[in-house]
Amino acid sequence: MKFALRAGWLHYKEKAMQLGMVGLGKMGANMTRRLMRGGHQVVVSDLSPDAVKGLAGEGAVASTSLQYLANKLKAPRAVWIMVPAGGPTEQTVQTLAQFLEAGDTIIDGGNSYFKDDVRRAQSLKQKGIHYVDVGTSGGVWGLERGYCMMIGGPREAVQQLNPIFKTLAPGIGDIPRTPGREKLAGTAEDGYIHCGPSGSGHFVKMVHNGIEYGLMQAYAEGFDIFKNANSKELPEDLRYDLNLPDIAEVWRRGSVVSSWLLDLTAMALTENPTLAEYSGFVQDSGEGRWTIQAAVDEAVPVDVLSAALFVRFRSRQEHTFAEKMLSAMRQKFGGHVEPKAARKIA
């Protein structure tokens, strides 16, 4: 597994900041840890008292409510929301807004729909509160690997939060520079960018996830062909009993199709070449659907991305080895666990 770590990132203390973190799930908790390792103070809040208590034991400041959290922060305050998209995010934003003032910033780091960001930003602007949307990729590996961030919102607010983004991002690491990149300014090489106004961060992350669907589908279908290469329906002299873990591993070594997703695929196949622990029931988290809708709105053909989304729908009715591959990849990069009912059916 190759991690793009920036040497000495744990000691980054150019400007220690104070931040509120609401939502201490798989990503929120690790983001909090990474920020604290970088020298920042984090005031935490979660529906689970045990989650708050656990991180308080690691150095975070505990809070028992959103109001208490807001009161523990110094102006100008910044609060990062890391809760499920939709109703939970909406409710958290609206509640927090009651306790914040002009000059404060709300950051939505979940997978919200970009049009909701635009609406929330316009509403909060009337109170002088900044709204920053951050498409965040990194999954369960983010604590050590870092988080790739696509940011939307007012430039002033984004620049003020730069030390936070700098600490959370992977940094340049040992990834070779793109030829000619040294002539360009910006933070892209560090693993985060300011995409534009409100909504643009989540728009870019939305398409990122749509592409992710397509990449995963391509790997899954390819390995399904390998698995069935010894089918009895084939002529005997054209049957191959292939070693799937070895194929995934050799492709990691210099192949043009190497990627982090392939790294995770190799890991899953090494653990169990049959992927027997997976049913093949593959959820979609919403961004794939939104990407297809954006393509429809723009009249852009997206044959691969739309097909990948529809395969996920089909996977809930019938399961193939390809779908088990998809489920394994989701579990490896994001900790996504199949519904218990799906595993029983399989």
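On a predicted model such as this, the values are computed, not experimentally measured, just so you know.

Please explain the pattern of salt bridges as it appears in this structure.
One side chain can pair with another of opposite charge once the charged atoms of both are near each other. If you walk through the whole model with that rule in mind, you get 16 salt bridges. Arginine 120 is the salt-bridge partner of glutamate 90, the closest N and O atoms lying 2.8 Å from each other. Of the two residues, glutamate 90 is situated in helix α4 (residues 87–97) and arginine 120 in helix α5 (residues 114–125); the sequence distance between them amounts to 30 residues. Between glutamate 249 and arginine 253 there is a salt bridge, and its shortest N-O distance comes to 2.5 Å. Under the relative-accessibility criterion, glutamate 249 is labelled partly exposed at 26%. Residue arginine 253 is classed as exposed on the basis of its relative accessible area, which comes to 60%. Through salt bridges with shared partners, a single network forms among Glu90, Asp108, Asp116, Asp117, Arg119 and Arg120.

Just checking my understanding: could you explain the packing of helix α9 (residues 200–227) against helix α12 (residues 287–298) for this structure?
For any two helices packed against each other, one specifies the inter-axial angle together with the distance between the axes. Put simply, α9 and α12 touch, their axes get as near as 8 Å, and they point 105° apart. Between α9 and α12, the angle falls in the class roughly perpendicular. Contacts from Phe203, Met206, Val207, Asn209, Gly210 and Tyr213 in α9 reach Glu287, Gly288, Trp290, Thr291, Ala294 and Glu298 in α12.

Help me out: how do you make sense of the nonpolar core in this one?
Here is a general trend for soluble globular proteins: nonpolar side chains tend to be buried in one another's company. Met21, Trp80, Val132, Met149 and Phe165 are the most contacted members of the largest nonpolar core, which totals 30 residues. Per-element tally for this core: the top contributor is helix α1 (residues 26–37), with 4 residues. Ala220, Ile247, Leu262 and Ala268 belong to the second-largest nonpolar core, a separate cluster that totals 25 residues.

What counts and how
- Each chain has its residues counted from 1, following the order in which its sequence is written.
- In keeping with the predicted nature of the model, local features appear solely for residues at pLDDT of at least 70, side-chain atom pairs appear and are counted solely at 80 or more, and the whole-chain, interface and lining totals rest on all residues.
- Side-chain measures here rest on the full set of heavy atoms in the structure, leaving out hydrogens and waters.
- A carboxyl oxygen of Asp or Glu within 4 Å of a side-chain nitrogen of Lys or Arg is what we treat as a salt bridge.
- Helix and strand assignments follow DSSP, with helices taken as H or I runs no shorter than four residues and strands as E runs no shorter than two, numbered in order from the N terminus.
- Three exposure classes are used, based on accessible area relative to the maximum for each residue type with a 1.4 Å probe and protein chains only: buried under 20%, partly exposed in between, and exposed over 50%.
- In this analysis an axis means a line fitted to C-alpha atoms, helices contributing only their contacting stretch, and an angle means the value between N-to-C directions, from 0 to 180 degrees.
- In what follows, roughly perpendicular refers to angles from 65 to 115 degrees, roughly parallel to angles under 35, roughly antiparallel to angles over 145, and oblique to any angle outside these ranges.
- Residue contacts are counted whenever heavy atoms from the two residues lie within 4.5 Å of one another.
- Remark: nonpolar core denotes a set of buried residues (Ala, Val, Leu, Ile, Met, Phe, Trp, Tyr, Cys) joined through side-chain atoms within 4.5 Å.

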